[in-house]
Amino acid sequence: MTEGKGPVEYHLMIRDLPAAERPRERLRSYGASYLSNAELLAIILRTGTPSESVLGLSTRLLSQFGGLAGLARASYDELYRIHGCGEAKTAQVKAAFELGRRLLSLQENERAVIRSPQDVANLLQGEMAFLEQEHLRVVLLNTRNQVLAIPQVYRGNVSSAVIRAGEVFREAVRSNATAIIVVHNHPSGDPTPSQEDV
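Below is a summary of the structure that appears in this document. Residue indices begin from 1 for each chain and proceed along its sequence in written order. Two thresholds apply to this predicted model, a pLDDT of at least 70 for residue-level local features and 80 or more for giving and counting side-chain atom pairs, whereas whole-chain, interface and lining totals are computed over all residues. Neither water nor hydrogens contribute to the side-chain values; these are computed over all heavy atoms in the structure.

Our next topic: the overall build of the protein. Numbering of helices and strands starts at the N terminus; helices are DSSP runs of H or I of at least 4 residues and strands are runs of E of at least 2. Counting its secondary structure elements, the protein contains eight helices and four strands. If you list the helices and strands of the protein from N to C, you get α-α-α-α-α-α-α-β-β-β-α-β. Counting only residues that meet the buried cut, the protein has 33% of its 198 residues in that class. Computed by Shrake-Rupley with a 1.4 Å probe, the accessible areas treat only the displayed protein chains as cover when residues are assessed. In the form shown here, the protein has an accessible surface area of approximately 12,600 Å², with 53% of it arising from carbon and sulfur atoms. We call a residue buried when its accessible area falls under 20% of the maximum for its residue type, exposed when it is over 50%, and partly exposed in between, using a 1.4 Å probe and counting protein chains only.

Encoded structure:
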């Protein structure tokens, strides 16, 4: 290493991944339901930047806007100002969310269905895995286990999220949900339940 220079940074790009691990190839092999939100968003965005892979950009967007719902609420200008999002990417993201909204308004039976813990992980892991604080969300389900909404109930600090039971059920009651799934992340990246979780 030359004196005065920092360590050389290496940025993993999509082309550096084994072919079977790239989002488009995984979608083709396993189907869209097996991909994380970050992987699906990466497919929509198509390319990253010279210093960041499209998967890194997708993860950063989900983290910066507080998940999929926050990204969907972001305005055109808010997205356009993000490094790596030009006019084309911003338009692609806004168009994708609008198509999703229109589909949900027309066909209730097309909502995501939760059949197993893996379905919940696929739905939320990509956007919650890189959050820097503990977030607690509640997946609201109808009688057919279709996802009605995923409100954020609480955002804690780096090691805890303390809430009242009433806060967990408030949105479920308002939405007339018949079942809920409580989800939270560990900023450390270790999914092992803590003593407090238990």
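Tracing the backbone shows Ile-181 in strand β4 (residues 179-184). Residue Ile-181 is classed as partly exposed on the basis of its relative accessible area, which comes to 23%. Expressed as a C-alpha distance, the spacing of Ile-181 and Val-120, which sit 61 residues apart in the sequence, is 8.5 Å. In this analysis, two residues are considered to be in contact whenever any of their non-hydrogen atoms come within 4.5 Å of each other. Aside from chain neighbours lying at most four places away, what touches Ile-181 is Ile-114, Val-120, Arg-137, Val-138, Val-139 and Leu-141.

With that settled, consider the layout of surface pockets. For the second largest pocket, the calculated volume is near 620 Å³. The definitions used throughout rest on a 1 Å grid laid over the protein atoms alone, on which a cavity is an enclosed set of points accommodating a 1.4 Å probe that cannot get out and a pocket is an open set flanked by protein within 12 Å on both sides along at least five of seven lines; lining residues are those having an atom within 4 Å of a point. Forming the walls of the second largest pocket are 18 residues, and the residues nearest its centre are Gln-125, Val-183, His-184, Asn-185 and Pro-191. Of all elements in the fold, only α7 (117-128) and β4 reach the threshold of two or more residues within the lining of the second largest pocket. Ranked by residues supplied to the lining of the second largest pocket, first place goes to α7 with six residues. Each residue gets one label: Ala, Val, Leu, Ile, Met, Phe, Trp, Tyr, Cys and Pro are nonpolar, Asp, Glu, Lys and Arg are charged, and the others, such as Gly, are polar. The residue inventory of the lining of the second largest pocket, partitioned by class, reads eleven nonpolar, five polar and two charged. Grid points are joined across faces, edges and corners, and a volume is the space filled by probe spheres set on the points.

Next up on the list: the nonpolar core. By nonpolar core is meant a set of buried Ala, Val, Leu, Ile, Met, Phe, Trp, Tyr and Cys residues that side-chain atoms within 4.5 Å join together. Grouped together as the largest cluster of nonpolar side chains are 17 residues, with contacts concentrated most on Leu-41, Leu-45, Leu-61, Phe-65, Leu-71, Leu-79 and Val-93. Counting only elements with at least two residues in this core, the list comes to α2 (37-45), α3 (54-64), α4 (68-73) and α6 (87-106). When neighbours within four sequence positions are excluded, Leu-41 is seen to be in contact with Ser-58, Leu-61, Leu-62, Leu-71 and Val-93. With ten residues, the next largest nonpolar core counts Ile-114, Val-120, Leu-123 and Val-147 among its residues.

Pairs were defined over the aromatic rings of Phe, Tyr and Trp, the Trp ring being its six-membered one, requiring ring centres within 6.5 Å. Orientation was assigned from the angle between planes: stacked under 30 degrees, edge-to-face over 60, tilted for the rest. One pass over the full model with this rule turns up one aromatic pair. Arranged with centres 6.2 Å apart and planes meeting at 15°, the rings of Tyr-76 and Tyr-80 form a pair that is stacked. One end of the pair is Tyr-76 and the other is Tyr-80, both in helix α5 (residues 76-80) and four residues apart, which spans about a single turn.

The interhelical angle for the contact between helix α1 (residues 23-30) and α2, taken along N-to-C directions, is 115°, at an axis separation of 9 Å. Of the possible angle classes, the one that applies to α1 and α2 is roughly perpendicular. Classified by chirality, the crossing of α2 by α1 is left-handed. In this structure, α1 contributes Pro-23, Arg-24, Arg-26 and Leu-27 to the contact, and α2 contributes Glu-39, Leu-40, Ala-42 and Ile-43. When grouped by side-chain class, the residues that make up the contact of α1 with α2 number five nonpolar, no polar and three charged. As a rule, the C-alpha atoms of each element are fitted with a line to give its axis, helices using only the stretch in contact, and angles between N-to-C directions run from 0 to 180 degrees. Here the angle decides the label: under 35 degrees means roughly parallel, over 145 means roughly antiparallel, 65 to 115 means roughly perpendicular, and every other value means oblique. The sense of a crossing depends on the near helix, which, turned anticlockwise from the far helix by less than a right angle, makes the crossing left-handed and, turned clockwise, makes it right-handed.

With that out of the way, let us pick up the side chain of His-135. If you trace the backbone, His-135 turns up in strand β1 (residues 135-141). Classification of His-135 as buried rests on a relative accessible area of 5%. Nitrogen and oxygen atoms within 3.5 Å of one another constitute a polar contact, given that in protein one can donate a hydrogen and the other can accept it, and given that sequence-neighbouring residues count only through two side-chain atoms. Of note is the side chain of His-135, whose polar atom sits 2.7 Å from the side chain of Gln-152. In contact with His-135, not counting residues within four places along its chain, are Met-128, Gln-152, Tyr-154, Arg-155, Val-183, His-184 and Asn-185.

Burial in α2 covers these residues: Asn-37, Ala-38, Glu-39, Leu-41, Ala-42 and Leu-45. Just beyond α2, the residue with positive phi is Arg-46, at close to 75°.

Attention shifts here to the pattern of salt bridges. Salt bridge, as used here, is a side-chain nitrogen of Lys or Arg placed within 4 Å of a carboxyl oxygen of Asp or Glu. Taken as a whole, this structure holds four salt bridges when the rule is applied. Among the ionic pairs, Arg-164 bridges to Glu-167, the shortest N-O distance being 4.0 Å.

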